[in-house]
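Structural overview
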Amino acid sequence: MKKVKRSKKQDERIVNDPFTKLPNELNVEILMKLPPRSIARLHFSSKHLSSIIFNKVFTELYMTRSSSQPRHLVSVFGGRDYVRMQRFHFISQEYPSPSTYRDKVSWKVDPYGLTLTYKFTTPVRGLICGRNGIKMMVGNPSTGQFKSLPRVRTTKKDILSGFGYDPVNDVYKVLCMTLVTKRSNISRGVKPCDAMSEEHQVINVGSKEKWRMVECSKYPHRHYSGYQVICNDGFMYYLASYKEKRSLMSFDLSSEVFNVIKLPEDEILQQFGKLVSHAGKITVATLDCTGPLDLWVLEDVNKEVWSKAVVVVPSPAERFGMSHGFEFRGILGTGEIIFAPSSPPNPFYFLCYNPKGGNFRKIEIDERVHETDTIQVFFDHVESYMVL
């Protein structure tokens, strides 16, 4: 049998590894104090630390620490002429002193940012997923690493994509649905708006993975393109039309089975409901132009039990003396309500409203943006060192 020679670099990586001489407890303590990018680099330089870094116990320990220090993640794609880049800003969600409205912004731009013309989904455990047509990409903004996925197997343009984590099998997954209106249906009088979501495809994030079709014939529904998909406790949730009524769809990331959850009988919710996460629970929020913010919280998924909370929010425009309008963007884990200007100001900022204290915080991005730039704001982002 032919012997396989070890490379000299591999031998040096083991022999000259100073971390082998330190107790594991001290190595763990060192790693816990490092930023994600540094940990990702140490994986390649120290075999001993690599065994700790990819240990599931340490992964959960680091994720728990990061979850206690959530951040705002702001994605800015733009620039001028042919120099267009994707940039990510990380902003601490720590409270300022009660006497001030504005946070001191700390941000960083990935100096090796790629030209990614992708629209990203809500981050899940530190990772994000972006789509441009049938092109898909998964990335870790904290380390600056991005990985292309196989193209979605479809010729349709109306696509809804979701990104989630399956805790049972410890794997990240991407779900894509397309809207198909067959000519035979049109000839029978089926309108394009009555078309149903078809071609439900799933792919695991990993090496040599391929898209595979999943069955959804039990609950034929029409997804809403451009709407948000939220991952919560191993399930994806998104709003859709089922039996001609707005409903909440769920997708079990472990069993890969779809289900439908009935929404409360509320006229405003049926027309303007926005899916958000509130206090760790799936919530549908509605904000009338002149009324309060209604929060419909899903208390029990199996029994379809909903509760309603009403929050009176002062007009951000009147409070700050601004002429432009604001849009509701979501709710932080702390309960603060997020509003962003309808058209991106320069510099870009958004507002956090605390219902308990009745105070606004203005959070500004220390970067000049162009009116054609694409800006996405995500909340409660958890930093991760995961290597793709």
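Right, let's walk through the structure included here. (Residues numbered from 1 in each chain as written. Predicted model: local features only at pLDDT ≥ 70, side-chain atom pairs only at ≥ 80, totals over all residues. Heavy atoms only, no water.)

Looking at the overall build of the protein
- If you tally the helices and strands in the protein, you get 8 helices and 24 strands.
- Going through the 388 residues of the protein one by one, you find that 46% of them count as buried.
- Excluding contacts between residues fewer than 6 apart, the proportion of contacts in the protein whose partners are at least 24 apart in sequence is 51%.
- Just so you have it, the protein exposes about 20,900 Å², and 53% of that area is on carbon and sulfur atoms. (Helix = DSSP H or I, 4+ residues; strand = E, 2+ residues; numbered from the N terminus. Buried < 20%, exposed > 50% of the residue type's maximum accessible area, 1.4 Å probe, protein only. Contact = heavy atoms within 4.5 Å. Areas by Shrake-Rupley, 256 points an atom, 1.4 Å probe, with all protein chains shown as cover.)

Looking at the pairing of strand E14 (residues 245–252)
- For E14, the buried fraction is high: 7 of the 8 residues fall into the buried class.
- Of the pairings in the sheet, the one linking strand E13 (residues 235–242) to E14 comprises 8 bridges and is antiparallel in character. Counterpart to Tyr-237 in the pairing with E14 is Ser-250.
- With antiparallel pairing between neighbouring strands as the criterion, E13 and E14 make up a hairpin whose turn holds 2 residues, including Lys-243 at a positive phi of roughly 55°.
- Sheet topology places E14 next to strand E15 (residues 258–261); 4 bridges connect them, and they run antiparallel. Residue pairing for E15: Leu-248 is matched across the bridge by Ile-261. (Pairing = 2+ DSSP bridges.)

Digging into the sheet that holds strand E3 (residues 119–120)
- On the basis of which strands lie adjacent, the open sheet formed by 4 strands has the order E3-E4-E5-E6 and antiparallel pairing. Strands with a single pairing partner mark the edges of an open sheet, and in this sheet they are E3 and strand E6 (145–149).
- Bridge count between strand E5 (residues 135–140) and E6: 5 bridges; the pairing is antiparallel. Within E6, the residue paired with Met-137 across the bridge is Ser-148.

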